[in-house]
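What follows is the residue order along each chain.
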Amino acid sequence: MDMPSATNRNFIEQIIDADIASGKWGQPGDGSVVTTRFPPEPNGYLHIGHAKAICLNFGLAEQFGGRFLLRFDDTNPAKEEQEFVDSIVGDVRWLGAAWAGEVRFASNYFDRMFGWAVELIEKGLAYVDQQTPEQIRTGRGSVTEPGVNSPYRDRPASESLDLFARMKAGEFEDGAMVLRAKIDMASPNMNLRDPVMYRIVNAAHHRTGDTWHIYPMYDWAHGLEDSIEGVTHSICTLEFENHRPLYDWFIDAINEGRSEPIRHPQQIEFARLEPTYIVTSKRKLKQLVDDGHVSGWDDPRMPTISGLRRRGFTPESIRIFTEATGVTKYKGTHDVGLLENAVRDHLNKVAPRRMAVLDPVKVVITNWAEFGQAGRTEYHEAVNNPEDESAGTRKVPFTGELYIEREDFMEDPPKKFFRLGPGREVRLRYGYWIRCHDYVKDDAGNVTEIRCTFDPQTKGGNSPPPDAEGKVRKVKGTLHWVSAEHAVDAEVRLIDRLFTVEQPNRAPKDAPADWSFLDVLNPDSMRVIASAKLEPAILETAGEPTWRDGIRRFQFERLGYFCIDADSDPNEKLIFNRTVTLKDRWAKVKRK
RNA sequence: GACCCGAUAGUGUAAUGGUAGCACCGCAGUUUUUGGUACUGCUAGUUCAGGUUCGAAUCCUGGUCGGGUUACCA
């Protein structure tokens with residue numbers, strides 16, 4: 001466990017420091033001092049924003065030697081499904097957040113919550129309201145006008161008790177009545193205007209089946225779930241700030257007159273993660289899937305955990321990103337470039353290098369036969385990872401016919417273009433130095449073949465020996481390449497940002513009235529390359545790191561980081577997703 | 001026009017009454033068998049107006065701007 005550092009503490013760490021100093025939750029070191037949780041509703045897939053909540057809560061428990069819990073807030077049977085429970089559990093595990101004990105469910109506490117609700121009725125702090133939903137809504141007033149009391153507000157407790165029991169027994173239709181807390185219909189905080197605690201839902205619950213006909217509302221249930229589980233710091237997002245007084249009221253109401261009060265966790269709100277070029281609203285993500293803009297919830301362009309995973313992001317990179325964005329109450333937007341940097345950083349250290357040519361053009365070595373048999377293959381040693389010597393080396397086959405990247409050749413290159421052109425010499429990485437003396441074009445003007453000579457003194461890509469005057473020849477550029485004869489074909493999916501603007505959530509100033517976030521979808525977010533040419537070592541796993549999630553990731557030299565897609569079949573068709581490009585200084589030079 | 005919350009380089013975050021730092025971006029350079037990596041340097045900031053104080057990003061008052069709140073969702 002990392003000891004908390006004395007400085008640079010975020011505001012939540014500072015609160016916990018103070019709680020530990022005051023002994024609020026027990027003595028330091030007894031394991032009760034910090035208990036956090038991630039409390040998702042199982043009604044959808046997790047996204048990058050949830051990842052931050054998970055990493056934050058898990059990280060705090062880890063840092064302070066406490067416990068982190070995973071609890072499903074399954075209080076609405078109409079929306080929730082086992083399928084989502086399974087995917088969420090898998091995502092949290094993949095992120096590396098280890099929860100204490102079993103996975104927990106709010107539905108396991110329904111009996112206790114019901115008992116406390118009965119106590120509140122008996123204390124005169126709750127009542128059964130038989131108004132229609134519309135009447136309740138209008139009776140609540142507005143942000144500028146107070147509400148009015150329900151005609152059922154002062155009915156005898158015995159009457160409410162009887163109706164509440166019958167609600168539970170399933171005697172009434174959905175919406176016939178609700179249980180409400182009796183607080184203050186004129187409160188400036190709308191959440192305190194006699195909030196609903198229970199509503200009738202005659203629907204099967206994914207865990208409790210047909211046992212219940214009433215289900216607790218979030219505001220009533222959530223604080224109780226935390227209390228039951230011994231949570232100390234209930235961390236949630238900013239929009240629940242106005243709910244905290246209610247959460248506190250409920251616990252105080254239960255504890256009124258109780259000899260052994262139930263635990264009163266402290267709710268702390270922080271600003272949710274909002275990365276640029278990304279939408280996280282469940283509605284919008286669903287629309288992207290339903291309208292077929294992406295192939296599914298795990299499309300590698302999606303900001304879902306499953307999408308990021310499929311795209312090749314590592315749990316480490318997501319953790320680093322969520323930490324880099326900080327913990328505050330200020331709602332800013334977070335540069336998605338940080339996430340891209342985080343994965344580059346991580347993969348740079350651990351991903352094996354391979355060579356892949358995405359847009360191949362043929363290179364013929366015209367003097368190949370002068371130095372040996374024309375059809376010979378040489379095997380040159382190539383470093384697997386210059387950042388990690390222990391990753392070892394591999395052999396790459398070199399022959400007289402190769403592929404290089406089409407954009408690495410120009411017929412009439414500018415001075416700053418360090419690559420191949422007529423008369424120019426470049427290094428083929430781990431190959432030889434070659435010089436172009438001719439090229440062939442088809443009728444359409446496309447270059448179909450580049451003719452070069454190689455220098456046998458530069459084997460492995462090494463510099464030639466000094467000339468008679470002691471001068472060593474130099475090249476400015478190094479290209480990646482693949483032997484034509486040995487090339488392995490693969491499909492490569494070039495993934496890019498899904499949106500073209502930083503804030504796809506916001507309509508631009510001059511936007512038409514019917515503007516939609518779909519208008520700023522990036523039409524080029526996924527370019528599929530049907531047959532890229534890869535070096536044959538890609539077919540062997542020897543020397544690759546063991547990835548905890550089993551996803552094989554590589555750096556294709558000079559191009560970026562790629563992983564093998566879930567659709568890939570090693571016997572049929574290899575498919576790669578581009579996680580992120582390498583930084584590209586040439587692209588900047590070119591723009592000028 | 002009610003209530004709650006917030007505001008520090010372009011972006012994100014530290015400094016909690018005592019020299020405004022850090023990261024990313026951007027710009028310039030060094031190294032380099034990836035125009036990658038690594039390294040060096042540079043640019044640039046306390047929302048405004050008062051007040052308290054020897055001293056204010058920090059405390060107080062007021063303004064401005066931004067966000068949230070009016071489900072029988074969570």
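On a predicted model such as this, the values are computed, not experimentally measured, just so you know. (Residues numbered from 1 in each chain as written. Chains lettered and ligands numbered in written order. Predicted model: local features only at pLDDT ≥ 70, side-chain atom pairs only at ≥ 80, totals over all residues. Heavy atoms only, no water.)

Turning next to the overall build of chain A. Per the secondary structure count, chain A includes 13 helices and 25 strands. Its C-alpha radius of gyration of 31 Å places chain A more than 25% over the 25 Å reference for a compact globule of 592 residues. Taken over the C-alpha atoms alone, chain A extends approximately 105 × 55 × 45 Å along its principal axes. Evaluated residue by residue, chain A yields a buried proportion of 51% over its 592 residues. Long-range contacts, defined as pairs at least 24 residues apart, comprise 71% of the intrachain contacts of chain A with a sequence gap of at least 6. When the accessible surface of chain A is totalled, it reaches about 27,500 Å², and 48% of it is carbon and sulfur. When the 78 positive and 91 negative side-chain charges of chain A are each reduced to one mean point, those points stand 5 Å apart. (Helix = DSSP H or I, 4+ residues; strand = E, 2+ residues; numbered from the N terminus. Rg over C-alpha atoms; globule rule 2.2 N^0.38 Å. Buried < 20%, exposed > 50% of the residue type's maximum accessible area, 1.4 Å probe, protein only. Contact = heavy atoms within 4.5 Å. Areas by Shrake-Rupley, 256 points an atom, 1.4 Å probe, with all protein chains shown as cover. Lys, Arg positive; Asp, Glu negative; His and termini not counted. Charge placed at Lys NZ, Arg CZ, Asp CG, Glu CD.)

A word on the sheet that holds strand β3 (residues 104-105). With parallel pairing, the three strands of this open sheet are ordered in space as β1-β2-β3. Each edge of the sheet is formed by a strand with only one pairing partner; in this case those strands are β1 (35-38) and β3. With four bridges joining them, β1 and strand β2 (residues 67-72) adopt parallel strand pairing. Within β2, the position partnered with Phe38 by the bridge is Leu70. Strands β1, β2 and β3 of the sheet are contacted by helix α7 (residues 218-229), whose axis makes an angle of about 140 degrees with β2. (Pairing = 2+ DSSP bridges. Axes fitted to C-alpha atoms, helices over the stretch in contact; angles between N-to-C directions.)

Quick look at the domain arrangement of chain A now. Taken domain by domain, chain A comprises domain 1 (6-106 + 219-273), domain 2 (110-218), domain 3 (274-353 + 488-592) and domain 4 (356-480). Here the C-alpha centroids of domain 1 and domain 3 sit 30 Å apart. Contact residues are listed per partner, giving 25 residues for domain 1 and 32 residues for domain 3. Regarding the contact of domain 1 and domain 3, the summed buried area is about 2,500 Å², with carbon and sulfur atoms giving 68% of it. (Domains from an automatic or database assignment. Buried area = accessible area lost by both parts, 1.4 Å probe.)

Looking at RNA strand B, there are 69 residues lining it, with Asn8, Gln14, Arg140, Gly460 and Gln555 nearest. Taking the atoms of RNA strand B that fall within 4 Å of the protein, sugar and phosphate contribute 65% of them. At 2.9 Å, a side-chain N or O of Asn341 approaches a sugar or linking oxygen of RNA strand B. A distance of 2.9 Å is found between a base oxygen of RNA strand B and a backbone nitrogen or oxygen belonging to Phe418. Counting only elements with at least two residues in the surface near RNA strand B, the list comes to α5 (133-139), β6 (196-200), α12 (336-350) and α13 (585-591). Among the residues making up the surface near RNA strand B, the classes are represented as 20 nonpolar, 24 polar and 25 charged. (Near = heavy atom within 4 Å. Polar contact = N/O pair within 3.5 Å; in protein donor to acceptor, adjacent residues only side chain to side chain. Nonpolar A, V, L, I, M, F, W, Y, C, P; charged D, E, K, R; others polar.)

Most of β6 sits inside the fold, with five of its five residues counted as buried. Sheet topology places strand β5 (residues 178-181) next to β6; three bridges connect them, and they run antiparallel. Bridged to Arg180 within β6 is Val196. Here three bridges tie β6 to strand β7 (residues 214-216), and the two strands are oriented antiparallel to one another. Looking at β7, one finds that Arg199 is bridged to Tyr215.

Volume-wise, the largest pocket comes out at about 1,400 Å³. Forming the boundary of the largest pocket are 38 residues, of which Glu407, Arg558, Leu582, Lys583 and Asp584 lie nearest the centre. Residue assignment for the lining of the largest pocket shows that the elements contributing at least two residues are α12, β19 (478-479), β22 (526-534), β25 (575-581) and α13. Ranked by residues supplied to the lining of the largest pocket, first place goes to α13 with seven residues. When we break the lining of the largest pocket down by domain, the ones giving at least three residues each are domain 3 (274-353 + 488-592) and domain 4 (356-480). Residue lining of the second largest pocket: 42 residues in total, with Pro39, Tyr218, Thr237, Glu239 and Phe240 positioned closest to the centre. Secondary structure elements with two or more residues in the lining of the second largest pocket: β1, α2 (48-63), β6, α7 and β8 (233-237). (1 Å grid on protein atoms, 1.4 Å probe; cavity = no way out; pocket = protein on both sides within 12 Å on 5 of 7 lines; lining within 4 Å. Points joined across faces, edges and corners; volume = space filled by probe spheres on them.)

Turning our attention to the packing of aromatic side chains. Per the counting criterion, the structure on display carries 27 aromatic pairs. Judged by centre distance (5.4 Å) and plane angle (80 degrees), the rings of Phe371 and Phe454 are edge-to-face. With Phe371 in the loop between β12 (360-365) and β13 (378-383) and Phe454 in strand β18 (residues 447-455), this pair connects stretches of sequence that are 83 residues apart. Here Phe371 falls in the partly exposed class, since its relative accessible area comes to 42%. A relative accessible area of 4% places Phe454 in the buried class. (Phe/Tyr/Trp six-rings, centres within 6.5 Å; stacked < 30°, edge-to-face > 60°.)

This next bit is on the packing of helix α4 (residues 110-122) against α7. Closest axis-to-axis distance for the α4/α7 pair is 11 Å, and the angle between their directions is 115 degrees. Seen from above, α4 lies across α7 with right-handed handedness. Contacts from Arg112, Met113, Trp116, Ala117 and Leu120 in α4 reach Trp220, Ala221, Leu224, Glu225 and Ile228 in α7. A class-by-class count of the residues in the contact of α4 with α7 yields eight nonpolar, no polar and two charged. (Left-handed = near helix turned anticlockwise from the far one by under 90°.)

The subject of this paragraph is the sheet that holds β25. Within a sheet, neighbouring strands are paired by backbone hydrogen bonds and run either parallel or antiparallel to one another. One open sheet holds the seven strands; their spatial order is β10-β23-β24-β25-β21-β22-β11, and the pairing between them is mixed. At either end of the open sheet lies a strand with only one pairing partner, and these are β10 (353-354) and β11 (356-357). The sheet contact formed by strand β21 (residues 488-495) and β22 spans seven bridges and is antiparallel. In the strand pairing of β22, Arg493 is matched with Val528.

All right, on to the environment of Val426 then. Tracing the backbone shows Val426 in strand β16 (residues 425-428). Placed 49 residues apart in sequence, Val426 and Val475 show a C-alpha to C-alpha distance of 5.6 Å. Each residue touching Val426, except ones within four places of it in the same chain, is listed here: Phe418, Arg419, Leu420, Tyr432, Trp433, Ile434, Val475, Gly477 and Leu479.

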